[in-house]
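Secondary and tertiary structure notes
Next come the chains, spelled out residue by residue.
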Amino acid sequence: PRSTLSSSSAASDVYKRQALCSSKERWIETSNLGKAFCKNIRENWGYKIDTDLAYPIAIGKAGSYFKIPLEKLLIAFLQSFVSNLINVGIKHIPLGQSEGQKILINLLSVIEKQANINKIAQINNLGSSAFLSDLSSMYHETLNNRIYQT
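Residues numbered from 1 in each chain as written. Predicted model: local features only at pLDDT ≥ 70, side-chain atom pairs only at ≥ 80, totals over all residues. Heavy atoms only, no water.

1. Quick word on the overall build of the protein chain
Inclusion rule: Each helix corresponds to a stretch of at least 4 residues labelled H or I by DSSP, and each strand to a stretch of at least 2 residues labelled E; elements are numbered beginning at the N terminus. Burial classification: accessible surface area is computed with a 1.4 Å probe over protein chains only, and a residue below 20% of its type maximum counts as buried, one above 50% as exposed, and the rest as partly exposed. When checking whether two residues touch, look at their non-hydrogen atoms; a contact exists if any pair is within 4.5 Å. The Shrake-Rupley method, run with a 1.4 Å probe, gives the accessible areas here. Residue values count only the displayed protein chains as cover.
When helices and strands are tallied, the protein chain shows six helices and zero strands. In the protein chain, the succession of α and β elements from N to C terminus is α-α-α-α-α-α. Classification of the 150 residues of the protein chain by burial places 26% in the buried group. Pairs at least 24 apart in sequence give 57% of the contacts found in the protein chain among residues at least 6 apart. For the protein chain, the accessible area works out to roughly 10200 Å², and carbon and sulfur atoms hold 57% of it.

This is the structure in structure tokens:
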């Protein structure tokens, strides 16, 4: 089976500081998340992971080190991402926690399907096409008053 990014992977070196981020603000966010994740892994799990990795790269390297099958790692990563989005919805729209859980449950099959697609993707297939979201992020980073960083 295919494994996650290894510590010597050229792709890791190329993308560890970029992480395919579309804006400065998104890069800052993934960089900060990566640093915090790496700090946790170093201090609590004994893996001497680099400290300057973008969050998705850090997840991949840790998954490889701990021999987590790629499909399971992708599912966990995507579920975490979706859960964070749902949590923002719970906080800012009239959506309760039970409704948020129902949304997550309804998205589990989508998450699994996306994980299966992504586990066979090559580095050139990675990226996003969230044009309006990217433009909004670029605009958002110029605002003075913000609830969230991104």
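2. A closer look at helix α5 (residues 97-118)
Convention followed: The span you would expect from a helix comes to 1.5 Å times its residue count less one. Bending is quantified residue by residue as the angle between axes fitted to the seven-residue window ending at that residue and the seven-residue window starting at it.
If you check α5, its first and last C-alpha atoms are 29 Å apart, about what 22 residues at 1.5 Å a residue would give, namely 32 Å. Of all the bends found along α5, the most pronounced is centred on Leu 107 and spans about 40 degrees. Of the positions making up α5, those classed as buried are Gly 100, Leu 104, Ile 111 and Ala 115. If you follow the buried residues of α5, they end up packed against α4 (70-92).

3. Re unusual backbone geometry
A positive phi is found at Lys 67, a non-glycine position, where the angle reads about 55 degrees. Positionally, Lys 67 belongs in the loop between α3 (55-65) and α4. Taking relative accessible area as the criterion, Lys 67 reaches 71% and is therefore assigned exposed.

4. Side note on the pattern of salt bridges
Defined as follows: Salt bridges are defined by distance alone: a side-chain nitrogen of Lys or Arg within 4 Å of a carboxyl oxygen of Asp or Glu.
Tallying each qualifying case throughout the model produces four salt bridges. For the salt bridge of Glu 43 with Lys 39, the shortest nitrogen-to-oxygen distance reads 3.5 Å. Taken together, the positions of Glu 43 and Lys 39, both in helix α2 (residues 24-45) and four residues apart, correspond to about one turn of that helix. Of the charged contacts in the structure, one is a salt bridge between Glu 99 and Lys 102, with a shortest N-O distance of 3.4 Å. On the criterion of helical spacing, the pair formed by Glu 99 and Lys 102 is a turn pair, its members being three residues apart in helix α5.

5. Some details on the nonpolar core
What counts is decided by this rule: Residues grouped as a nonpolar core are buried Ala, Val, Leu, Ile, Met, Phe, Trp, Tyr and Cys residues, joined through side-chain atoms within 4.5 Å.
Counting nine residues, the largest nonpolar core consists of Cys 38, Ile 41, Tyr 47, Ile 49, Leu 53, Ala 54, Ile 57, Ala 58 and Ala 62. With three residues, α3 is the largest single contributor of residues to this core. One finds Leu 74, Leu 104, Ile 111 and Ala 115 within the second-largest nonpolar core, a separate group that totals eight residues.

6. With respect to the confidence of the model for the protein chain
Which entries qualify depends on this criterion: Confidence of the prediction at every residue is given by pLDDT, a number between 0 and 100.
Averaged over all residues, the pLDDT of the protein chain equals 83, while 82% of them reach at least 70. Note that pLDDT drops below 50 for residues 1-7; the model gives that stretch 23 contacts with residues more than four away or on any other chain.

7. Some thoughts on a nonpolar patch on the surface
The line we're drawing: Nonpolar side chains (Val, Leu, Ile, Met, Phe, Trp, Tyr) within 5 Å and like charges within 9 Å form the patches, drawn only from residues with over 30% relative accessible area and no salt bridge.
A cluster of nonpolar side chains, Trp 45, Tyr 65, Phe 66 and Ile 68, forms an exposed patch at the surface whose accessible area comes to about 410 Å². Mapped onto the elements, Phe 66 comes out in the loop between α3 and α4. Residue Phe 66 is classed as partly exposed on the basis of its relative accessible area, which comes to 32%.

8. Regarding the packing of aromatic side chains
Using the following cut-off: Any Phe, Tyr or Trp ring, taking Trp's six-membered ring, that has another such ring centre within 6.5 Å forms a pair; planes under 30 degrees apart are called stacked, those over 60 apart edge-to-face, and the others tilted.
Counting across every chain of the model gives six aromatic pairs. Seen from their ring centres, Tyr 47 and Phe 66 are 6.2 Å apart, and the 80 degrees between their planes marks the pair as edge-to-face. Highlighted residues: Tyr 47 in the loop between α2 and α3 and Phe 66 in the loop between α3 and α4, separated in sequence by 19 residues. Classification of Tyr 47 by relative accessible area gives buried; the value is 10%. With centroids separated by 4.9 Å and ring planes inclined at 90 degrees, the aromatic side chains of Tyr 65 and Phe 66 adopt a geometry described as edge-to-face. The exposure class assigned to Tyr 65 is partly exposed, which follows from its relative accessible area of 41%.

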